[in-house]
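Structural features, examined
What follows is the residue order along each chain.
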Amino acid sequence: MGLGSLTKFQGDFAIHGQGVRISNSKNNNGQALTGGEDAYFVACQNWLGVADGVGQWSLEGINAGWYARELLENCEKIVSDSKSVPMIKPEEVLIRSAAESQSPGSSTVLVAYFDGQVLHVANIGDSGFIVIRNGAVFKRSSAMVHEFNFPLQIERYDDPTEFIEGYKIDLDEGDVIVTATNGLFDNLYEKEIASVVSKSLQDSLKPQDIAEYLAMRAQEVGWSACARTPFADAAHAVGYVGYTGGKLDDVTVIVSLVQKRSSSNSQ
């Protein structure tokens, strides 16, 4: 799955999005590996998505990432193959993709489309996004969970229609969209994410660099047994008062910048 770049489409703005996926497994040198249960795509430069396969399938001998990867590979194919009649509704793409997915498993999933002015999002589960404007969190998604640490998910042959939560957000030049699996949001507070993004942009870092830093920072916190984290806060709220530290998990992050369209992008 590839990296995004500036594109041409209707509306005042364009997005430049890039992503990274790292596993919670480490090699012999202690370095995080790529792969795992997460998946992501950036297609046609105005579509993106993330998914997080449910790890319990591994107990049945099934690769927990298969379904998540097929789900997003299908999404990418659907939007890439529909250029003559462009798809503009992420919920329709997700529904078609789920109907075509044959791998065993289940997954949380988020699919988003930017039309040049408005970000359209279809979400199921605890992957999510935040929109950062002027250095602060402007808009955010809400995690969809049955109960603590048990997110909504779709399984092979499910119809996602009844599970999807939709968002429509007007964006402006300079906004930053951080889309990620729960491995980011369980380990880093939103204010820290916004601070990292703002400082990184001041230092002229690219979206890929910012995504990599956020993912690696979330991994670092995930391995910690004593850090204060959003996941620990949530555990305390439901009675797990002794829980401390992060949540070790795969982490996928896409960072997208909203920029004014240039004449070369509008032709």
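Residues numbered from 1 in each chain as written. Predicted model: local features only at pLDDT ≥ 70, side-chain atom pairs only at ≥ 80, totals over all residues. Heavy atoms only, no water.

As annotated in an unreviewed UniProt entry, the chain carries the name Protein phosphatase and comes from Fagus sylvatica.

With respect to helix H2 (residues 90-100)
Residues separated by three or four positions in an α-helix point in the same direction, a consequence of the helix having 3.6 residues per turn. For H2, the set of buried residues is Pro90, Val93, Leu94, Ser97 and Ala98. For H2, the buried positions fall inside an angular range of 130° around the axis, keeping them on one side. Residues of H2 that are buried in the fold lie against strand S3 (47-53), helix H1 (66-80), strand S4 (106-114), strand S5 (118-124) and strand S10 (154-155). (Buried < 20%, exposed > 50% of the residue type's maximum accessible area, 1.4 Å probe, protein only. Helix = DSSP H or I, 4+ residues; strand = E, 2+ residues; numbered from the N terminus. Arc of directions from axis to C-beta. Contact = heavy atoms within 4.5 Å.)

What about the pattern of salt bridges?
Within this structure, the stated rule accounts for eight salt bridges. The partner of Arg217 in a salt bridge is Glu220, with the nearest N and O atoms 3.5 Å apart. Of this pair, Arg217 and Glu220 both sit in helix H5 (residues 207-222), three residues apart, roughly one helical turn. Its relative accessible area of 25% is what places Arg217 among the partly exposed residues. A single salt-bridge network, built from bridges that share partners, covers Glu192, Arg217 and Glu220. (Salt bridge = Lys/Arg side-chain N within 4 Å of Asp/Glu carboxyl O.)

Overview of the packing of H1 against H2
The N-to-C vectors of H1 and H2 enclose an angle of 125°; their axes lie 8 Å apart at closest approach. Relative to H2, the element H1 lies oblique. The crossing of H1 and H2 is right-handed. Contacts between H1 and H2 involve Tyr67, Glu70, Leu71, Asn74, Cys75, Ile78 and Val79 from the former and Val93, Leu94, Arg96, Ser97, Ala98 and Glu100 from the latter. (Axes fitted to C-alpha atoms, helices over the stretch in contact; angles between N-to-C directions. Parallel < 35°, antiparallel > 145°, perpendicular 65-115°, else oblique. Left-handed = near helix turned anticlockwise from the far one by under 90°.)

Comments concerning the sheet that holds strand S7 (residues 136-140)
Taken in spatial order, the five strands of this open sheet run S1-S13-S12-S6-S7, and their pairing is antiparallel. Two strands in the sheet have a free side with no partner beyond their single neighbour: strand S1 (13-22) and S7. Looking at each pair of strands side by side, their axes are set apart by 25° on average, direction ignored. Pairing between strand S12 (residues 176-180) and strand S13 (residues 251-260): five bridges, direction antiparallel. Directly across from Ile177, in S13, lies its bridge partner Ser256. (Pairing = 2+ DSSP bridges.)

Considering the side chain of Ser141
Here Ser141 is to be found in the loop between S7 and strand S8 (145-147). Among the polar contacts listed, one links the side chain of Ser141 to the backbone nitrogen of Phe129, at a separation of 2.9 Å. Sequence-distant contacts of Ser141, that is, excluding residues within four places in its chain, are made with Ser127, Gly128, Phe129 and Tyr167. (Polar contact = N/O pair within 3.5 Å; in protein donor to acceptor, adjacent residues only side chain to side chain.)

Looking at the packing of aromatic side chains
Counted under the stated rule, the structure contains five aromatic pairs. Ring centres of Phe148 and Tyr240 lie 5.7 Å apart, and the angle between their planes is 35°; on these two criteria the pair is classed as tilted. Of this pair, Phe148 sits in the loop between S8 and strand S9 (150-151) while Tyr240 is found in the loop between helix H6 (230-237) and S13, placing the two residues 92 residues apart along the sequence. Among the aromatic residues, those joined into a cluster by ring pairs are Phe148, Phe231, Tyr240 and Tyr243. Seen from the ring of Phe138, Arg133 lies directly overhead, with NZ or CZ sitting 3.8 Å from the centre. Lys139 extends its terminal NZ or CZ atom over the ring of Phe138, reaching a point 5.4 Å from the ring centre. (Phe/Tyr/Trp six-rings, centres within 6.5 Å; stacked < 30°, edge-to-face > 60°. Lys NZ or Arg CZ within 6 Å of the ring centre and 35° of its normal.)

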